[in-house]
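One-letter residues, chain by chain:
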Amino acid sequence: MNKLSAPRGTFDILPEQAAKRAHVDRVAAELLEGAGYGRIETPSFEATEVFSRGVGEATDIVQKEMYSFHDDGGRSLTLRPEGTAPVCRAYVEHGMHKLPLPVRLYYLSSFFRAERPQAGRYRQFWQLGIEALGSDEPEVDAETIVLLATILRRLGVAAVRLRLSSLGSPDVRAAYREDLGNYLREHAGRLAPAVRERIELNPLRAFDSSDPVTRQVMAGAPVLLERLGGEDAAHFAEVRGLLERAGVVYEIDPTLVRGLDYYTRTLFEFTSDALGAQSGVGGGGRYDGLVEQLGGVPTPGIGWAAGIERILMAAGEMPIEVRPPDVYLAFEGSPSNAFETLTSAREAGLAAQMELAGRSLKGQQKQAERLGARYFAVVEGDRVRLRDLRAGTEETVARAALVDRLVAV
Ligand code: HAM
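Note that this is a predicted model, so its numbers are computed, not measured. (Residues numbered from 1 in each chain as written. Predicted model: local features only at pLDDT ≥ 70, side-chain atom pairs only at ≥ 80, totals over all residues. Heavy atoms only, no water.)

Engineer: For this particular structure, what's the right way to read the side chain of Glu-309?
Structural biologist: Its place among the elements puts Glu-309 in helix α11 (residues 308-315). Once you skip the residues sitting within four places of it in the chain, Glu-309 turns out to touch Phe-11, Arg-21, Tyr-122, Phe-125 and Trp-126. (Helix = DSSP H or I, 4+ residues; strand = E, 2+ residues; numbered from the N terminus. Contact = heavy atoms within 4.5 Å.)

Here is the structure:
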């Protein structure tokens, strides 16, 4: 028979990895909940329209990376490639604009993109993300960025850099797109074919090209950041000032491009030099038109998402919090007394395990030591030989008194 394995670009999360992820979850939840963020989880799939309208028809994600399928009713559904559009869909659906603003939400969920797998790039991956809806104050931009910087620092993510830019308002961006398109058409002969083909669809992606000649051309291209109008420029200046006061180091990168169409104004990306080609640890930006685009009342928003696998790759050692057993129940012969004691020990809140593999008494003690158990309790009828593995002492107690004796420790 063929050996079965996880689909290409996916992976199993085994207990040791799960423990590291639980640590990320705890660190993030503690900071974010303290900052007023509430957890949200949306379905793993949505109406395809949520993404085609939300993320944008011209993006790589919508064009070629979505896992879409039809349900029984012939409706097109898509495994979520990202979380912002679904959260905004939920915000509209549940009338969250009536809540005190800004509404702050966070998620830690898995997402799906049909990308070519490589180190740090998967077809099912996990993101920690936050979205703050209902305020366009620059303080919210700065707050979200500082939160991600703090999480990455607390998790020990190495060699982090923050790149920052602003896309301005949609009208400025539209005019700029025209000019950039003209510039690219003028230099079409020197552009990489993939860039040339996308001049009409998504000219901004030309800044992302790794082709050396294309990069030369792009060095002379018009720059959006230099064209921001008064309010956009003032907003960006305030965000920068707030980040400086918070001690967050950043680089302005006018060529910063992100693969989603909903962004307006502030745009940012955290990278780690400890990662290879897929160096983006997390990124996000403001999306002041998205809620309206999805059928809600005009509502500004900003957020980010960070890739859990990339965080783990760049973070090095991570504390794994496993609770060793308080007691390991051993026996020879019938297991029923040990089993009864196991159940009452757990009822009393103890971390208890019992022998389930038919080991010899000696083997059972070895196993208890391997697990880091505090007590090794050999159940012999109504008596228990209780060995304190830390102190190396032994006493005999009545089985009925064992749990109380251990709870008192
Ligand atoms: P994104 O830049 O597409 O943004 O993804 C955010 C992060 O998810 C990336 O920086 C990367 O760490 C991780 N990531 C993305 N694709 C993959 C993949 N195929 N394999 C492993 N990790 C991956 C968004 O998704 C936006 N929704 C972020 C946002 C929230 N903007 C505003 N609010």
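The discussion continues.
Engineer: What should I look at first to understand the layout of surface pockets in this one?
Structural biologist: Empty space left among the atoms is revealed by rolling a probe the size of a water molecule over them. If you add up the space inside the second largest pocket, you get close to 300 Å³. As for the second largest pocket, its lining consists of 16 residues, and the residues nearest its centre are Ala-149, Arg-153, Gly-247, Val-248 and Val-249. Those elements that place two or more of their residues in the lining of the second largest pocket are α5 (138-154) and β7 (160-166). For the lining of the second largest pocket, the element with the most residues is α5, which contributes 5 residues. Grouping the constituent residues of the lining of the second largest pocket by class yields 11 nonpolar, 2 polar and 3 charged. (1 Å grid on protein atoms, 1.4 Å probe; cavity = no way out; pocket = protein on both sides within 12 Å on 5 of 7 lines; lining within 4 Å. Points joined across faces, edges and corners; volume = space filled by probe spheres on them. Nonpolar A, V, L, I, M, F, W, Y, C, P; charged D, E, K, R; others polar.)

Engineer: Hey, could you run me through the environment of Tyr-107 in this one?
Structural biologist: Secondary-structure assignment places Tyr-107 in strand β5 (residues 103-112). Remark: the alpha-carbon pair of Tyr-107 and Phe-45, spanning 62 residues in sequence, is separated by 15 Å. Residue contacts for Tyr-107: discarding those within four places in its chain leaves Ile-40, Glu-41, Gly-83, Thr-84, Val-87, Gln-127, Leu-128, Gly-129, Ile-130, Glu-131, Trp-304 and Ala-305. Of the polar contacts made by the side chain of Tyr-107, one reaches the side chain of Glu-131; its length is 2.7 Å. (Polar contact = N/O pair within 3.5 Å; in protein donor to acceptor, adjacent residues only side chain to side chain.)

Engineer: What's the story with the sheet that holds strand β15 (residues 383-388) in this structure? I'm lost.
Structural biologist: Think of a sheet as strands paired side by side through backbone hydrogen bonds, with each pair either parallel or antiparallel. In spatial order, the strands read β13-β12-β14-β15-β16; together these 5 strands make up an open sheet with mixed pairing. Taken across any chain shown, the strands that pair with only one partner, and hence form the sheet edges, are β13 (352-354) and β16 (393-398). Across the sheet, the mean angle separating the axes of adjacent strands is 25° when strand polarity is ignored. Inspection of the sheet shows strand β14 (residues 375-380) paired to β15 by 6 bridges, in the antiparallel sense. (Pairing = 2+ DSSP bridges. Axes fitted to C-alpha atoms, helices over the stretch in contact; angles between N-to-C directions.)

Engineer: What should I look at first to understand the pattern of salt bridges in this one?
Structural biologist: Any two side chains of opposite charge can pair, given that their charged atoms come close. A complete count under the given rule lists 30 salt bridges for this structure. Arg-21 is the partner of Glu-309 in a salt bridge, and the nearest nitrogen-oxygen pair spans 3.1 Å. Taken as a pair, Glu-309 in helix α11 and Arg-21 in helix α1 (residues 15-34) lie far apart in primary sequence, 288 residues in all. Its relative accessible area of 7% is what places Glu-309 among the buried residues. Looking at Arg-21, the relative accessible area reads 13%, which means it is buried. (Salt bridge = Lys/Arg side-chain N within 4 Å of Asp/Glu carboxyl O. Buried < 20%, exposed > 50% of the residue type's maximum accessible area, 1.4 Å probe, protein only.)

Engineer: Honestly, empty space enclosed by the protein in this entry has me stumped. Any pointers?
Structural biologist: Under the definition given, this model contains 2 cavities of 30 Å³ or more. Around the largest cavity sit Ser-165, Ser-166, Leu-167, Tyr-176, Leu-204, Phe-207, Leu-224, Leu-225, Pro-254 and Leu-256, which together line it. Its residues assigned to classes, the lining of the largest cavity comprises 8 nonpolar, 2 polar and no charged. If you go around the second largest cavity, the residues you meet are Ile-40, Glu-41, Thr-42, Arg-80, Gly-83, Val-87, Tyr-107, Ser-109 and Phe-111. In terms of residues, the lining of the second largest cavity owes the most to one element, β5, which gives 3 residues.

Engineer: Would you mind showing me how to read the site of the ligand here?
Structural biologist: Near the ligand lie 26 residues; those nearest to it are Glu-82, Glu-115, Tyr-122, Glu-131 and Tyr-263. Here a nitrogen atom of the ligand and a side-chain polar atom of Glu-131 are 2.8 Å apart. A distance of 2.6 Å is found between a nitrogen atom of the ligand and a side-chain nitrogen or oxygen belonging to Tyr-263. In the complex, 95% of the free accessible area of the ligand, which totals 660 Å², lies under the protein chains. Considering every element that reaches the shell around the ligand, the biggest residue donor is strand β10 (residues 280-286), with 6 residues. Considered class by class, the residues forming the shell around the ligand number 9 nonpolar, 10 polar and 7 charged. (Near = heavy atom within 4 Å. Areas by Shrake-Rupley, 256 points an atom, 1.4 Å probe, with all protein chains shown as cover.)

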